[in-house]
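One-letter residues, chain by chain:
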Amino acid sequence: MYPVYYDSAPRRDFISVMVSKEPPEPPSKRRQSCRRMWNRLSRLQRTIICAILVVGAMSGLYIANGLMNELPDDKDTLSQRHQVFPNDNVVHVMDQRHPGKDTEANQRRDSNNDKDGEDQKLHFEQERGKGIMEREEKTKVKPKIADAVMQPEVKVQKENVMGNQEEDEGIGAAGGNLEVNEEKKTKVQIKDGADAGGDVQVPVPNMEGGMAAQTAQQKAVVEAFKHAWKGYKQYAWGHDELKPISKAASDWFGLGLTIVDSLDTMWIMGLMEEFEEARRWVEKDLVLKKNVDVNLFETTIRVLGGLLSAFHLSNDGLFLEKARELGDRLMPCFNSPSKIPYSDVNLDTGKAHPPRWGPDSTTSEVTSIQLEFRELSHQTGNDKYKKAVDEVMDHIQSLPKENGLIPIFVNARSGQFRAGATITVGARGDSYYEYLLKQWLQTGKSEDKLRDEYVAAIEGMQKNLVRSTAANGLKFIGELVRGSFSPKMDHLVCFLPGTLAIGHHNGLDPSHLELAKELAKTCYQMYADMPTGLSPEIAYFNIQNPGKPDIEVKNADTHNLLRPETVESLFYLYRLTGDQQYRDWGWKIFQAFEKYTKVPGGGYSSIGSVKDTKNPRFRDKMESFFLGETLKYLFLLFSDDPNLLSLDKYVFNTEAHPLPIWRP
Ligand code: DMJ
């Protein structure tokens, strides 16, 4: 049965449909009749009909467009977006310079170690101010995040995940408006918006912290920094690290680690030209949408921490914007069944996974990202970063421990510690203890649970891990390997004296300071006992034979990677006790770095043997932490100004990036 198209003039009071067994007349016949009717109309009638049709079509388009904007995105797009970057605010920039580059990330870490005077002050402040004002001249028409804070209506262009440009109300709009804390607002001074291109208010840099007078020793450290920077700039600019012997670059994540790790060091040293140059690199070349697997911990402490500190010191919203994007790209690590994060994530795809070399995450890694993610939430007003890392801490706190001490591996799927794993304050255990204390400090000592865990852990160390050498009674911290004590101590453990000293400064037991002093002496001895005056990576302590030396170094452990931990502790102990001895020790260590690790032409190199003064064997690598941590702590150790990054106002993350202590 077919409906019949009824062609003659229809009656208005009914609709007639003839049903026929025959097929309908072809539509062409109807078109002919339409054309006949159209031809019968006058020109005026035709013009009116055309006008009505055009207006009708335009109105239809307008209404349809409005309706489309009301509808949610396509389901697949949404799920894809959620899977890749849970926060819609990701700023995507195509990286065409390093397409698909994989780096050393999967090869690098072995299981053993790395988790890898008034006038002058005035002068510095003038110099620093000059640098900033120059930058502002160049960038003032561009709204920064901090600008958006002062003027929430500022619209920021960004790309959505599909690569389309879109406008958004403020930078954090889709995932919660970007709110900067009250504290930050009060620090920002407002320049007249008119000279910033109309309605954009330009913040003048925050000078809090000030600049200490440069002592002769500080000046020597600044020269060392410049020498390191020179080599990096000449041979490895934009890459992660300098290979100073081969005058080449090496990449790990491809994130310009040395630049980002050095930003705050340059700021506090007053190296404003260098800072500005680095800032320009961050602005133009720090591409975070990169097809590379990065380690969550290392990227957090070096890059996220470096950006957050740079933001805090300079008040330049560029750094916060980059930090937020990076935080978003790291967040997929937390999508695990247990909430213990996976160790690695691809910055482009958001695919997170356990390490290539084993099933478990490293305990110190998953518990040493909290300061940075919490600060990111504090500065952006988006709670999701803090929530993710607080859940990790809550979970770890719920697990059974031996005397507050933790095994070094934890599984992201089961959420359980690996049974029988080593207990150490060295590699893979270290900064768990450090961050317990520092998280408590970060929130103005408001989270007593963290303090209690820290105190329990230090008691556990005193009981289970602290021993003295047979000959000279040097106190050190050993390890528990499958339940048995081993007198092995990594150089990494030498952060602990500093942490213990800050704990005591904040009211913890005097025994903590006593242990800090004993351990600092031992850590210094690890340098002084070696022919080069530099510490080996690992030392074994003699607890049995009073006739033998205190420290033994195995052939495999004679290298020195320019690590910071001992000078870090010397800085804290000098600041908090004023004992000149700590400066003297630090100066000796600095001189040994100068003598055995400095590479003519530019850069410093890790060395293969601290025992061999004739041939210390350059390893051809300048780690980013040498500039980010080692030289910074030396500079601070030799500062006469206790208000330069006051320990009552800042906590340093485990990569030496200062983060502000929040007001309770
Ligand atoms: C740095 O990346 C950090 O200090 C980390 O906590 C340990 N390893 C290096 C420095 O030795």
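The rules behind each value
- Residues numbered from 1 in each chain as written.
- Predicted model: local features only at pLDDT ≥ 70, side-chain atom pairs only at ≥ 80, totals over all residues.
- Heavy atoms only, no water.
- Helix = DSSP H or I, 4+ residues; strand = E, 2+ residues; numbered from the N terminus.
- Buried < 20%, exposed > 50% of the residue type's maximum accessible area, 1.4 Å probe, protein only.
- Contact = heavy atoms within 4.5 Å.
- pLDDT = per-residue confidence, 0-100.
- Near = heavy atom within 4 Å.
- Polar contact = N/O pair within 3.5 Å; in protein donor to acceptor, adjacent residues only side chain to side chain.
- Areas by Shrake-Rupley, 256 points an atom, 1.4 Å probe, with all protein chains shown as cover.
- Nonpolar A, V, L, I, M, F, W, Y, C, P; charged D, E, K, R; others polar.
- Pairing = 2+ DSSP bridges.
- Core = buried A, V, L, I, M, F, W, Y, C linked by side-chain atoms within 4.5 Å.
- Axes fitted to C-alpha atoms, helices over the stretch in contact; angles between N-to-C directions.
- Parallel < 35°, antiparallel > 145°, perpendicular 65-115°, else oblique.
- Left-handed = near helix turned anticlockwise from the far one by under 90°.
- Disulfide = S-S within 2.5 Å.

A. Local environment of the overall build of the protein. Looking only at helices and strands, the protein has 21 helices and 22 strands in total. Taking all 664 residues of the protein together, 57% fall into the buried category.

B. Focus on the environment of G601. Assignment of secondary structure puts G601 in the loop between α20 (580-597) and α21 (624-637). For G601, a relative accessible area of 35% puts it in the partly exposed group. Once the C-alpha coordinates of G601 and P244 are considered, the two residues, 357 residues apart in sequence, prove to be 8.7 Å apart. Apart from the residues within four sequence positions on either side, G601 is in contact with H227, K230 and Q234.

C. Up close: the confidence of the model for the protein. With 69% of its residues at a pLDDT of 70 or more, the protein shows a mean pLDDT of 78. With pLDDT under 50 throughout, residues 1-30 is counted as low confidence; its partners more than four residues away or in other chains account for 18 contacts. Taken as a whole, residues 60-210 scores under 50 in pLDDT and shows 275 contacts with residues more than four places along the chain or in a different chain.

D. Representation of the site of the ligand in the model. Taken together, 12 residues sit near the ligand, with R563, E565, E629, T654 and E655 positioned nearest. Measuring from an oxygen atom of the ligand, one finds a side-chain N or O atom of R563 at 2.6 Å. When the ligand sits alone it has 290 Å² of accessible area, and the protein chains cover 98% of it. Among the elements of the structure, α10 (296-314) and α21 are those that each provide at least two residues to the shell around the ligand. Looking at side-chain class alone, the shell around the ligand contains four nonpolar, one polar and seven charged residues.

E. Molecular detail of unusual backbone geometry. Positive phi values are uncommon outside glycine, yet D620 reaches one of about 60°. Among the structural elements, D620 can be located in the loop between α20 and α21. For D620, a relative accessible area of 13% puts it in the buried group. One non-glycine residue, A656, lies in the positive phi region at around 70°. Inspection of the secondary structure assignment puts A656 in the loop between β21 (650-652) and β22 (658-660).

F. Spotlight on the sheet that holds strand β19 (residues 538-541). The strand order β18-β19-β20 describes an open sheet built from three strands, whose pairing is antiparallel. What marks the edges here is a single partner per strand, and that holds for β18 (488-490) and β20 (551-552).

G. Focus on the nonpolar core. Within the largest apolar cluster, 150 residues are counted, with the highest numbers of intra-cluster contacts made by F373 and I477. Excluding residues within four positions of it along the chain, I477 makes contact with V425, M461, L465, V466, K488, M489, V493, L496 and L519.

H. Quick peek at the sheet that holds strand β11 (residues 352-353). Taken in spatial order, the three strands of this open sheet run β9-β10-β11, and their pairing is antiparallel. The open sheet has two edge strands, β9 (293-295) and β11, and neither has a second partner. With three bridges connecting them, β9 and strand β10 (residues 344-346) associate as antiparallel partners. In the sheet register, N295 faces β10, and the bridge partner there is D344.

I. Fine view of the packing of helix α8 (residues 257-269) against α21. In the contact formed by α8 and α21, the axes pass within 7 Å of each other and the chain directions differ by 15°. For the element pair α8 / α21, the angle class is roughly parallel. Two packed elements cross with a definite hand, and for α8 against α21 that hand is left-handed. Contacts between α8 and α21 pair L257, T258, D261, S262, D264, T265, I268 and M269 from the former with S624, F625, L627, G628, L631, K632, F635 and L636 from the latter. When its residues are assigned to classes, the contact of α8 with α21 shows eight nonpolar, five polar and three charged.

J. Geometry of the side chain of K632. By the element assignment, K632 lies in helix α21. In this structure the side chain of K632 is engaged in a polar contact, spanning 2.9 Å, whose partner is the backbone oxygen of G628. Those residues in contact with K632, other than ones at most four positions away along the chain, are D264, T265, I268, L627, F652, A656, H657 and P658.

K. Local environment of the state of the cysteines. A complete count under the given rule lists one disulfide for this structure. What pairs with C494 in a disulfide is C523, and their sulfur atoms sit 2.1 Å apart. In this structure the cystine formed by C494 and C523 twists about its S-S bond by roughly -95°; its chirality is therefore left-handed. Here C523 lies in helix α18 (residues 510-528) and C494 lies in the loop between β18 and α17 (496-505), a separation of 29 residues in the sequence. Taken as a pair, C494 and C523 share a single burial class, namely buried.

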